[in-house]
Amino acid sequence: MSYERGEGVLLSDLTKLCGVQGSWVGLISDSKGVREERTPKENYVIPEMRITHVSDPVTPSLILITAPAAVGKTTAACYLSHTLRAPIVDLSTLHVGSNALEGALWKSMSPGKAGNYVEEMKSGRATLIIDALDEAEIRSGQSNFQAFLRDVAETASDMSGKPAMIMLSRAESARSLTELFEERNLQYSHFEILPFGRTQAETYLDSRMVEVYAASGKEAVHRRYLTPYEKARDTLFSLLASVISSGSSDIWEDSSIRDFLGYAPVLDVAAEFLAVDNFTTLHRDFSSSEAAEGTAHWHLVAQVIDHLLIREQEKFITQFIETTEFKSFGDRRLSAALYAPEEQCARLLDYVEDISTSVELPAHLPERLREPYEVAIAAQLVNHPFLRGSEWFNVIFRDYVTARSLASVTTSGDAGTSIRSRLLSSDWKHSPMFAYFTHALTRVEGAPVSTCHSELFGALYESFKSMCGAGETLYLTAGRNGNRLFASYAVSSKRRDDIHLSMGPLAFASYEGTMTLTFPRELSHAEIYEVPELILGGEGRSFKFGSSVYIACRDLLVMAKDIQVFGTGDESETPVLLNVANLISENVKIRVESTNLHVLCDELSYPWTQYQKKLNPYKLRSNAREASALYLEMRRIVLRFKDAKKGEAALFQPLVDNLVIGENRRARTALDFLQSIGCVELRNSMYLLDLTEFAKLGISRPQLRELEMSEAVVAVGQRLVDFASQQGR
């Protein structure tokens, strides 16, 4: 049977290539690193594999099988052992070195049986399975591991006929082996285990759910209520797939989705999520507050990834505590602090993104163990399940690692600054995942907001913006409350005449004392108020304003060399308004469509003076500055309203309360004022603006747009100040 590179085969096909014994060897001991799997695993899902190297036309001396972490290499080894009646040399339990393979066979079989078995292998009538190469590298050290590989190659070179060995490893640890094979001109075939396809994933999930139910002492009710279970399962698959892509009609045809959904650890967590008593209730949970915000599946994905980090830590600890160095100098009580998830995240960012995160070694790690620990980590890290070679497995893992590092108390201030700078740089390709993971990882249960550094608000904006498709709009409101900044993000899509929030609003608060906002690329549909310092652009890039932007801040620093202001052509959209105390820029070029930019500032230099509006607050009577600020907030709210039926304009109440107003006390005062004089009424989740009542103020909406100054504006400003005083605001 011959194969071609890139061809897909099943694991069961390999058993047709190898020698099968007539009977089991019969071990005298199964505690010396060798075992026989005489009992088959029930409901085992045979995985598909891709051929990455073939030895045709020469028959290979051995077969190498690789896969990412947690894909099921050990389970595959057990299947092959049972099918071929072949012993498994489990390297996860051995210290390897020169003659280690021969020694393990002798101790487990007796010298006579071991010699006979090797002769059977040479003649193609028996097969030996070697599992967990990657774990042996950590436990034994590089020099001993290399000596072991040389022995394996020497043994394999004496084989003829059928392949006599099957070796299983993570891909990175197998590189040393393939290099050695090629150096010695040893013939081998290399197969890579693929993630499950749809049918395989469904079968595997079914089996895992039986185990989850059994562990709780319950009946596997999903088999009795098959239709509602399958509906819940498929909905969950769709939710998880939407994390990666929303454009696939068949999610399993998308290789990036299959790689994730078909990953056994993902299915393990999905089984725990689905193993409920009532699948109708589970569907109701999908419509819960978190699901309505669009975050339920992200919390599930975060749980999956956390599970992988903990699993990776456990595998490392199991091997490292068996090293000679740890046994000489270490204390097993230290083991729980080794290779913790936060440390893994820091090391991954350094390894892939070249972001120095100043990794802190476990505090109680003895000095003599530090070098052996770093050597073992180096061997483990390249085999991390989040990696493919020196790159990320996918953007999900990249964004989770980045968000978790920023949320960790163990990340130093300088490291946090480096990560945030990268997120705001031009070479970072944003996805929605970073924002969702930041929300999930920094939110205390029961708290209304997630908490992060204020500099991340701009990165969160870029991240949420990347999720918006055609017909969807991202809304942002951000402002100051005490010594913190608050921000809310929501995505809306239009359904006929209604605005539907397809995501959010999700709320974030800055750490106390962090008060600077940075937006690196663009801004539209944003309301920003009372911010001490705001930075637009960076690295000499162009910065783009869309419509409906209001910024009120003390210092506005324009780092971009080019400002572009675009309108949608919709007269109902408000222009960009910058209301700042100080505007600082150098050599900036401004390109504006129509009259879409208004600037309010006491001192302006060219080219900003072309867009200056003279809404002079000193023409107002008492509390001039406050009257001006309140009037601008009222203007912003009124211009948001869309014409509805004759004589009325309308605005979706959740959009107003969570985004247009949010934590902005002046905006709340302005809306309350409009309600108190009968201009605005709340009815059936909609704010309705009575255009006739509003006209009595003597200000038209076109005058609002153009910021025209009049006696009516002066009067309304003073009424707003008086109303705020009466309300104690």
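Keep in mind that this is a model prediction, so the values were computed, not measured.

Student: Would you explain the overall build of the chain in this entry?
Tutor: Secondary structure summary: the chain contains 27 helices and 27 strands in total. A principal-axis box enclosing the C-alpha atoms of the chain has dimensions of 110 × 60 × 50 Å. Burial status across the chain gives 56% buried among its 729 residues. For the chain, contacts bridging at least 24 residues in sequence account for 71% of all contacts bridging at least 6. Carbon and sulfur atoms provide 47% of the accessible area of the chain, an area that totals close to 31,000 Å². Here the chain contributes 76 positively and 95 negatively charged side chains, and the mean placements of these two sets differ by 3 Å.

Student: Help me understand the nonpolar core in this model?
Tutor: Grouped burial of nonpolar side chains is what soluble globular proteins tend to show. Judged by nonpolar contacts, the single largest core of 193 residues is most densely connected at Leu523, Phe545 and Trp608. A total of eleven residues in this core trace back to one element, the largest contributor, which is helix H14 (residues 296–320). Listed in part, the 38 residues of the second largest apolar core include Tyr475, Met634, Ala649 and Leu704.

Student: Please explain unusual backbone geometry as it appears in this structure.
Tutor: Excluding glycine, residues mostly have negative phi values, and the peptide bonds linking residues are mostly trans. Here Tyr606 and Pro607 are connected by a cis peptide whose omega angle stands at 10 degrees. When you line up the elements, Pro607 lands in the loop between strand S23 (597–600) and helix H22 (624–640). The phi dihedral of Asn185 is positive, around 55 degrees, even though this residue is not glycine. Inspection of the secondary structure puts Asn185 in the loop between helix H7 (171–183) and strand S8 (188–193). Phi at Asn684 takes a positive value of approximately 50 degrees, unusual for a residue other than glycine. Summarising the element assignment, Asn684 is placed in the loop between strand S26 (680–683) and strand S27 (686–690).

Student: When you look at empty space enclosed by the protein in this model, what are you seeing that I'm missing?
Tutor: Enumeration over the complete set of coordinates arrives at two cavities of 30 Å³ or more. Roughly 80 Å³ of internal volume is contained in the largest cavity. As for the largest cavity, its lining consists of Glu527, Ser548, Val549, Tyr550, Thr574, Pro575, Leu577, Arg635, Arg636, Leu639 and Arg640. For the lining of the largest cavity, the secondary structure elements donating two or more residues are strand S19 (549–558) and H22. When residues in the lining of the largest cavity are grouped by element, the largest group, four residues, is from H22. Its residues assigned to classes, the lining of the largest cavity comprises five nonpolar, two polar and four charged.

Student: Would you mind showing me how to read the pairing of S23 here?
Tutor: Looking down a regular strand, the side chains alternate between one sheet face and the other. Neither face of S23 is open: one carries Leu597 and Val599, the other His598 and Leu600, and all of them are buried. As defined by bridge partners, strand S21 (residues 576–585) adjoins S23 across four bridges and the pair is classed as parallel. Note on S23: the bridge partner recorded for Leu577 is His598.

Student: Any chance you could explain the sheet that holds S26 here in plain terms?
Tutor: Working definition: the strands of a sheet are paired by backbone hydrogen bonds and lie parallel or antiparallel to each other. Spatially, four strands are ordered S24-S25-S27-S26 in an open sheet, and the strand pairing comes out antiparallel. Since the sheet does not close on itself, it has two edges, and those belong to strand S24 (642–643) and S26, each with one partner.

Student: What is the right way to read the packing of helix H18 (residues 395–407) against helix H19 (residues 413–423) from this model?
Tutor: A pair of packed helices is characterised by two quantities: the angle between their axes and the separation of those axes. One way to put it is that H18 packs onto H19 with a least axis distance of 10 Å and a crossing angle of 140 degrees. Considering the angle they form, H18 stands oblique to H19. Here the hand of the crossing between H18 and H19 comes out left-handed. Between H18 and H19, the residues in contact are Thr402, Ser405 and Leu406 and Gly416, Ile419, Arg420 and Leu423, respectively.

Student: Would you mind going over the state of the cysteines with me for this structure?
Tutor: Simply put, disulfide is the name for a covalent bond between the sulfur atoms of two cysteines. In this structure the tally under the stated criterion is zero disulfides. Cys18 provides the cysteine sulfur closest to Cys78, a residue in no disulfide bond, and the two sulfurs are 16 Å apart. Among the cysteines around Cys553, which has no disulfide bond, Cys601 carries the closest sulfur, lying 9.2 Å off.

Student: Looking at this structure, how should I read the side chain of Asp555?
Tutor: Inspection of the secondary structure assignment puts Asp555 in strand S19. In this structure Asp555 comes out as buried when scored by relative accessible area, which is 16%. Side chain to side chain, Asp555 and Arg554 meet in a polar contact 3.4 Å long. At 2.9 Å, the side chain of Asp555 forms a polar contact with the side chain of Asn582.

Student: Before we go on, may I ask you to explain the pairing of strand S18 (residues 542–545) in this structure?
Tutor: Residues Phe543 and Phe545 line the buried face of S18, whereas the alternating positions Ser542 and Lys544 sit on a face that is not buried. Two strands pair when backbone bridges link them, and strand S16 (residues 522–523) and S18 are joined in this way by two bridges, in the parallel orientation. When the bridges of S18 are listed, Leu523 appears paired with Phe545.

Student: Explain H18 here, please?
Tutor: Within an α-helix, residues lying three or four positions from one another point in the same direction, as the helix has 3.6 residues per turn. With 13 residues, H18 extends 18 Å between its outermost C-alpha atoms, agreeing within 8% with the 18 Å of an ideal straight helix rising 1.5 Å per residue. Within H18, eleven of the 13 residues are buried, which leaves it mostly tucked inside the rest of the structure. Taken together, the buried positions of H18 are Ile396, Phe397, Arg398, Asp399, Tyr400, Val401, Thr402, Ala403, Arg404, Ser405 and Leu406.

Student: Whenever I open this one, the sheet that holds strand S7 (residues 165–169) confuses me. Can you help?
Tutor: A sheet is described by the order of its strands in space; here eight strands give the open sequence S1-S3-S8-S4-S7-S6-S5-S2, paired in mixed fashion. Sheet topology places strand S1 (8–10) and strand S2 (34–35) at the edges, where each strand pairs with a single neighbour. Set on the sheet, helix H6 (residues 142–157) makes contact with strand S4 (62–66), strand S6 (128–131) and S7; between it and S7 the angle comes to about 155 degrees.

Student: Where do I start with the packing of H6 against H7 in this structure?
Tutor: Where H6 contacts H7, the two axes come as close as 10 Å, and the packing angle between them is 45 degrees. Judged on the interaxial angle alone, H7 and H6 are oblique. As H6 packs across H7, the resulting crossing turns out to be right-handed. Counting all contacts with H6, which are made through Phe145, Gln146, Leu149, Arg150 and Ala153, the residues of H7 involved are Ser173, Ser176, Leu177, Leu180 and Phe181. For the contact of H6 with H7, the per-class residue count stands at six nonpolar, three polar and one charged.

Rules behind the numbers
- Per chain, residue numbering runs from 1 following the sequence as it is written.
- Whole-chain, interface and lining totals are the exception, using all residues; otherwise, since this is a predicted model, local features are given only for residues with pLDDT of at least 70 and side-chain atom pairs are given and counted only at 80 or more.
- Where side-chain values are given, they derive from all heavy atoms of the structure, hydrogens and water being excluded.
- Per the convention used, a helix needs a DSSP run of H or I reaching at least four residues, while a strand needs a run of E reaching at least two, with both numbered from the N terminus.
- Remark: exposure states derive from per-residue accessible area (1.4 Å probe, protein chains only) relative to the maximum for the residue type, with buried under 20%, exposed over 50%, and partly exposed in between.
- Any pair of residues with heavy atoms lying within 4.5 Å of one another is described as a contacting pair.
- A 1.4 Å probe and the Shrake-Rupley method give the accessible areas. Residues count as covered only by the protein chains that appear here.
- Counting rule applied: Lys, Arg positive; Asp, Glu negative; His and chain ends not counted.
- Where a charge lies is defined by one atom per residue type: Lys uses NZ, Arg uses CZ, Asp uses CG and Glu uses CD.
- The definition of a nonpolar core used throughout is a set of buried Ala, Val, Leu, Ile, Met, Phe, Trp, Tyr and Cys residues joined through side-chain atoms within 4.5 Å.
- Put simply, the grid is 1 Å and covers the protein atoms alone, a cavity is a trapped set of points that fit a 1.4 Å probe, a pocket is an open set with protein on both sides within 12 Å along at least five of seven lines, and lining residues have an atom within 4 Å of a point.
- Grid points are joined across faces, edges and corners, and a volume is the space filled by probe spheres set on the points.
- Residues are grouped as follows: Ala, Val, Leu, Ile, Met, Phe, Trp, Tyr, Cys and Pro are nonpolar; Asp, Glu, Lys and Arg are charged; every other residue, Gly included, is polar.
- We call two strands paired when DSSP finds no fewer than two bridges between them.
- Note on geometry: axes are lines fitted to C-alpha atoms, helical ones only across the stretch in contact, with angles between N-to-C directions running from 0 to 180 degrees.
- Each angle gets one of four labels, with under 35 degrees taken as roughly parallel, over 145 as roughly antiparallel, 65 to 115 as roughly perpendicular, and the rest as oblique.
- In this scheme, a crossing is called left-handed if the near helix is turned counterclockwise away from the far one by less than a right angle; it is called right-handed if the turn is clockwise.
- Cysteine sulfur atoms are paired as a disulfide whenever they fall within 2.5 Å.
- Think of a polar contact as two N or O atoms within 3.5 Å of one another; within protein, one of them needs to be a possible hydrogen donor and the other a possible acceptor, and neighboring residues in sequence only count if both atoms come from side chains.
- Expected span, for any helix, means 1.5 Å times one less than how many residues it has.

By themselves, these are just geometric observations and shouldn't be taken as functional.
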